[in-house]
Amino acid sequence: MVTSLRPKSGPTRRYHFPEFHDETLPSGIRLVTAPVKKLPLATVLVIIDAGSVNEPRGKEGIAALTAAGLLEGTSRLDGAELAEKFEQLGTSLESGADWDSAFVKITTMSDKLEEATQLLGEVISSPVFPEREIERLKAERLAEILQLESEPRGLADEKFSEFLYSPESRYSRPDEGSTESVSSLSRENVNQFYQSNYRSGATTVIIAGDVTPERARTMVTDAFQKWPTGSAQKPQLTTAARTNSRRVHIVHKSEAPQSELRVGHVGLPRKHPDFFPTMVMNAVLGGLFGSRINLNLREVHGYTYGASSSYDWRRGAGPFVVSTAVESEVTAPALTEIFLEIDRIRNEKISEEELSLARDYLEGVFPIRYETTAAIASALATLVIHDLPAEYYDTYRKNVHNVSTEAVLKSATSHLHPAELQTVVVGDAKMIRGSLADAKFGDLLVHNE
Amino acid sequence: MGLHGGQFTTMRIPIETFHLDNGLFVTLSEDHTAPIVAVNLWYHVGSANERSRRTGFAHLFEHMLFQGSAHVGSNEHFELIQRAGGTLNGSTWLERTNYFETVPSNELALALWLEADRMGELLPAMTQEKLDTQRDVVKNERRWAVDNQPYGTMLERMQELVFPPSHPFQHSLIGSMEDLTAASLDDIAQFFSTYYTPDNAVLSIAGDFEPAEARQLVLEYFGPIASGKGKPPLPPMNLPPVFGKRLREVVYDNVSLPRLFTAFRSPVFGSEKYYAASVASAVMGLRKGSRLYRSLVRERQIAADVSAFTFDLAKGTDLLVVDVTARPETGIAQLEEEVERELDLLYREGVTELEVRRAVALIETDLVASLQSAGERADRLSMFATYFKQPELINEQANRYREVTTQGVNDLISERLGQNNRASLLYVPKEGIESESALAVAASAG
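Residues numbered from 1 in each chain as written. Chains lettered and ligands numbered in written order. Predicted model: local features only at pLDDT ≥ 70, side-chain atom pairs only at ≥ 80, totals over all residues.

**Some thoughts on the overall build of chain A**
Note the following rule: Helix numbers and strand numbers start at the N terminus; a helix is a DSSP run of H or I with at least 4 residues, a strand a run of E with at least 2. Each radius of gyration is computed over the set of C-alpha atoms, and the globule rule expresses the reference value as 2.2 Å times the number of residues to the power 0.38. Buried means a residue has 20 or more other C-beta atoms within 10 Å of its own C-beta, exposed means 12 or fewer, and partly exposed covers the counts in between; C-beta atoms are placed from the backbone. Note on contacts: each residue gets a C-beta atom placed from the backbone, and two residues are in contact if those atoms are within 7 Å.
For chain A, the count of helices and strands is 16 helices and 12 strands. A compact globule built from 449 residues should have a C-alpha radius of gyration of about 22 Å, and chain A, at 24 Å, falls within 12% of that. If you line up chain A on its principal axes, its C-alpha atoms span 65 × 60 × 45 Å. Relative to its 449 residues, chain A shows a buried fraction of 52%. Long-range pairs, those at least 24 residues apart, make up 82% of the contacts in chain A between residues at least 6 apart in sequence.

Have a look at this one:
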C-alpha cells in the first residue's frame with residue numbers, strides 16, 4: 001500500500017532571476033546582458049520599435065514583411081548564402097514582428113557567438129530587400145491567409161479582433177496584414193519602413209547565456225558599426241471598442257464538428273496599475289487548469305478538451321478573451337456557462353483557497369519559466385518593451401503575494417464588463433443559429449453564409 | 001570526423017541508476033543551478049498495445065490517470081501540483097505513455113507521492129461517471145485536434161497507409177468515436193493491472209535534489225507497489241526495409257492548400273543507421289538552408305513550406321517523412337512531380353559533405369539547447385531507459401551524430417529513398433475539386 005500520508009513541503013530554496021547589465025552604447029543601442037553559465041550556449045535577441053502599430057494605414061503587414069525581408073540578403077550575401085552561413089554555425093536566424101516590436105533572434109553554441117553576432121549585425125544593418133524575395137514573401141503570406149480560411153482557431157482569433165476593435169484601431173486588423181493590404185506592399189514600402197524605424201535609439205540587443213558583459217559589449221560594438229542613429233516616431237494608437245453592446249457573430253463553416261468560441265472585450269494596457277490583481281483574477285477565472293472556466297466546461301460538463309481565459313498584454317489595451325472549442329450541439333449551453341462565470345467572479349469574492357491556488361502557482365512556477373537562455377532573453381525583452389523597472393523580476397513574487405481577495409474582486413468589477421462582451425462562434429450556422437437566437441446573448445449576426 | 005571540437009565534446013550530464021525490488025527502474029540526474037526538480041514516468045505501453053476494437057484506449061486511460069487515486073481526489077493531482085508552483089501533463093504515443101511534473105525542489109516528495117499513489121492504487125477512485133466525462137473530453141479532443149483541424153487526420157491516415165493491417169502501429173492513436181464509446185470500467189481495470197506496474201515503468205528525477213534523499217523517497221513511496229504479472233507480447237512488428245511498391249492515397253478535405261506527405265520506411269530509432277536517416281531528413285527539410293526549402297520554396301517557388309522529420313519509432317520500422325505544402329497557384333500534379341524530382345535527384349546523386357555538416361551542426365545545437373530544461377532531461381533519460389535500458393545514451397547522442405559520415409548518409413539514401421519505398425499521402429482542397437478537370441488531374445497524378 002502506498003502511504004496515505006501526504007508529504008509536507010521542504011524548506012524553500014532562494015531563487016533570483018539572473019542578474020543583468022543594462023547599458024547604452026555610444027552608438028545609441030541599448031545592450032542588456034544576462035550571464036548564465038549552465039551550458040555553453042547563448043541567445044541573442046534584438047528588438048526594434050518597429051512593430052505592427054508603427055505601420056501606416058493601408059500598409060498593414062509591412063512590419064512583418066520588413067522583418068522577414070532582413071533575412072533575404074545583404075550587400076555581401078544573398079538569402080540562401082546567409083541561411084547557409086548561419087546554419088553551418090549550427091544556428092538559424094529567426095525574425096518577425098508583433099504588435100509592439102520587431103525582433104531578430106539566434107541561439108548558438110558560445111564558441112560560435114562572435115561569428116554569429118557579426119553576421120547578425122550585417123543582416124540588420126545592410127539588408128538589400130531583393131525585389132524577387134519580397135514578392136515571394138508576400139506570396140507566402142497570402143498563402144498563409146488562405147490557410148486561415150480552413151483553420152478554425154486562427155480564423156476565430158482573427159474575426160474576434162475584427163469585431164472587437166473600432167475599424168480605426170490597428171488592433172482590429174490582422175497583425176501581419178490582410179490579402180488586400182499585403183498585395184499592395186512594395187519593395188519601396190519595405191525600404192521606407194526600414195529606413196524610418198530601424199534606428200539605434202529604437203534598438204535593444206539582449207544577450208543571455210554563456211557570455212560576460214565585456215564580451216557582449218565588444219561583440220555588439222563591432223557588429224553594429226553601421227547603425228543609423230536617432231529614434232523612430234511614436235505611433236498613434238487607438239484601442240476603442242467597435243461597439244459597447246453585446247453582439248454574437250457566427251462565422252459560418254459548413255459541417256464543422258465543433259464550434260470554436262471567443263468571448264471577450266477590450267482589456268488593459270500592460271502598464272496598468274492593476275496588472276497584478278488582474279493577472280491573479282484571470283488565473284482564477286480561466287488562466288489555470290484548475291480555473292473556474294476550465295473545470296466547469298471540461299471537468300463538470302465534458303463540453304470541451306479545454307477552456308481558458310487570457311489577457312493579451314500589449315503597450316495598448318489588448319483583448320481580454322475566453323477561448324474554447326465545444327461540440328456544436330452544446331454551443332449555447334457552453335456560452336451560458338462562460339457568461340455565468342464572468343458574472344460570478346464579479347459578484348462575490350473568490351475564496352481564500354482559490355486565491356492561494358492562483359497565488360502559490362504564480363509564485364512557485366516563477367523559476368521554472370526561466371530555464372533556458374531563450375526564455376531569459378524573452379523576459380528581458382518584456383522589461384524593455386514595456387519600460388518596466390529593473391527590479392521588476394525581483395519584486396514579481398512579492399507583488400503576486402500581496403494580492404488579496406478584495407483586490408481580485410475590485411479588479412473583476414472594474415475590468416470585466418459583461419454588458420460589452422463580444423462573442424465569435426466559428427461553426428456550422430445551420431446547427432447553431434436557432435439555439436443562439438433563442439438564448440438572446442446579444443444581437444446575432446451571421447457571416448460567410 | 002574531428003569537425004566539431006571544443007567545449008561540447010566533454011559536456012555530459014551526471015546519471016545514477018537503480019532498481020527497486022518490484023522492478024521499477026530509476027534514473028537520477030543532479031543539477032543545482034536552479035531550485036527546481038523534474039519528475040518523469042514512462043510506462044512502456046502505448047496505442048500499439050491496444051486490443052482490437054479498443055482504439056484510443058491508451059490515450060483515454062492517460063486522461064483517467066488525472067481523475068484521482070486511493071488518496072487523491074478527482075483533479076486533485078493537477079491542483080496539488082499547481083498549488084505547489086509546478087507544471088505537469090502527460091502524453092500518449094504509439095509505444096509509450098508519459099507523465100511528468102516540474103516543481104520547486106522543496107516539493108519533490110509531493111510529486112513522487114502523487115505518481116506512486118496512482119501507480120499503486122488507481123482503481124479505488126475509478127467511477128463510471130468519471131469515465132463518461134473523460135470520454136466526452138477525449139471525443140472533443142479528437143474533434144478539436146483531428147476532425148476540425150486542417151490536415152489533422154495526417155497521423156492516423158499515415159499509420160493506416162504505411163503499416164499492414166493488424167500491425168500494432170496501424171490503427172489510430174486518438175481512436176475512433178465508436179471504440180471510445182465502447183470503452184468500459186472493466187477495460188480500465190484490466191489495462192491498469194497489465195501495464196501500469198512498476199516493472200513496466202521508468203522513473204526519472206532531474207534537477208535540484210540530494211540523491212540519498214531522493215532514493216529514500218522513491219523507496220518509501222514506490223517500494224510497496226507490487227510488480228506486475230507480465231504483459232502480453234506484441235504481435236510480430238518487424239517489417240522489410242522497404243514497402244516494395246509505391247503507396248499512394250489522396251484525401252479530399254477541408255483544407256485550403258494541397259499538401260503532400262511522403263513517407264519512407266527507415267531504420268528504427270537508436271539503431272546505428274537511424275542517425276544517418278535523421279541526418280538525411282535534416283539535410284532535406286530542417287530549416288531554410290535545407291535542400292528542399294532552397295529548391296521548392298526559395299528557387300522554384302512552388303511550395304509555401306517544407307519540412308522533414310522522423311517518427312522515432314524504436315520497434316519494427318521507423319518512418320522518415322517529407323512534408324511539402326503547395327503555394328495556392330501550384331497544381332496538384334505539379335506538386336507531386338516537383339517533390340518526386342527532388343527525391344529522385346537526391347537518390348541519384350546523394351548529398352554533399354557540406355550539407356551533412358550543416359545538418360549535424362544544427363542538430364547538435366538543438367540537442368544542447370534541449371538539455372537546458374530539467375523536464376527535457378528527465379524525459380530523455382526515461383526514453384533511453386525505456387527503449388534500451390541505457391539512460392546514459394543521453395550523453396552519447398552528440399557523438400552519434402558527429403560520427404555520421406557523408407558516405408553513411410548516401411548509403412542510407414540508396415537503401416531507403418528509392419521508388420520502391422515511397423508512400424504519398426496527398427491532401428487536396430475539397431472545394432477546389434468541384435470542377436471535373438481538377439478531379440481528373442488529381443486522379444491521374446499518381
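**Quick look at the overall build of chain B**
Each helix and strand counted, chain B has 16 helices and 11 strands in total. Against the compact-globule benchmark of 22 Å for 446 residues, chain B has a radius of gyration of 23 Å, which places it among compact chains. For the C-alpha atoms alone, the extent of chain B along its principal axes is close to 65 × 55 × 40 Å. Within the span of chain B, comprising 446 residues, buried residues form 54% of the whole.

**Describing the sheet that holds strand S9 (residues 304-311) of chain A**
All names here are of chain A. Note the following rule: Two strands make a pair as long as DSSP finds a minimum of two bridges between them. Under this scheme, a helix contributes an axis fitted over its contacting stretch, all axes are lines through C-alpha atoms, and angles between N-to-C directions fall in the 0 to 180 degree range.
In spatial order, the strands read S9-S10-S8-S11-S7-S12; together these six strands make up an open sheet with mixed pairing. Two strands lie at the open edges of the sheet, namely S9 and strand S12 (443-447), each paired on one side alone. Recorded for the sheet is a direction-independent mean angle of 15° between the axes of neighbouring strands. With five bridges joining them, strand S8 (residues 258-266) and strand S11 (residues 422-427) adopt antiparallel strand pairing. Note on S11: the bridge partner recorded for glutamate 260 is valine 426. Packed on one face of the sheet, helix H5 (residues 152-164) meets strand S7 (247-252), S8, strand S10 (319-327) and S11 and runs near 150° to S11. Sitting on the sheet, helix H9 (residues 275-287) touches S9 and S10, and the angle it makes with S9 is about 165°.

**A few points about the domain arrangement of chain A**
Residues and elements named next belong to chain A. The criterion, for reference: Domains are outlined according to an automatic or database domain assignment. Asp, Glu, Lys and Arg are counted as charged, while Ala, Val, Leu, Ile, Met, Phe, Trp, Tyr, Cys and Pro are counted as nonpolar; the rest, among them Gly, fall into the polar class.
Looking at the assigned domains, one finds that chain A contains domain 1 (21-223) and domain 2 (247-447). Domain 1 and domain 2 are separated by 29 Å when their C-alpha centres are compared. Each side of the interface is counted separately: domain 1 has 30 residues, and domain 2 has 27 residues. Residue assignment for the side of domain 1 that touches domain 2 shows that the elements contributing at least two residues are strand S2 (30-35), strand S3 (41-48), H5 and strand S6 (203-209). In terms of residue count, the dominant contributor to the side of domain 1 that touches domain 2 is H5 (10 residues). For the side of domain 1 that touches domain 2, the residue count by class is 19 nonpolar, six polar and five charged.

**Observations concerning the packing of H9(A) against helix H12 (residues 352-364) of chain A**
All names here are of chain A. Here is the rule: Angles are sorted into four bins: roughly parallel if under 35 degrees, roughly antiparallel if over 145, roughly perpendicular if 65 to 115, and oblique for all others. Crossings are sorted by hand: turned counterclockwise from the far helix by less than a right angle, the near helix makes the crossing left-handed, and turned clockwise it makes it right-handed.
Across the interface, H9 lies against H12 with an axial gap of 9 Å and an inter-helix angle of 115°. The orientation of H9 relative to H12 falls into the category roughly perpendicular. The way H9 lies across H12 gives a crossing that is right-handed. Between H9 and H12, the contacting residues are Val280, Ala283 and Val284 on the first element and Glu354, Ala358, Arg359, Tyr361 and Leu362 on the second. In terms of residue class, the contact of H9 with H12 is made up of six nonpolar, no polar and two charged.

**Some thoughts on the domain arrangement of chain B**
Residue and element names in this part refer to chain B. Domain annotation of chain B identifies domain 1 (14-222) and domain 2 (247-444). Computed from C-alpha coordinates alone, the two centres of domain 1 and domain 2 are separated by 28 Å. Each side of the interface is counted separately: domain 1 has 32 residues, and domain 2 has 28 residues. For the side of domain 1 that touches domain 2, the elements supplying multiple residues, two or more each, are strand S2 (25-30), strand S3 (36-43), strand S5 (97-104), helix H5 (154-162) and strand S6 (201-207). The greatest single-element share of the side of domain 1 that touches domain 2, amounting to six residues, is contributed by S3.

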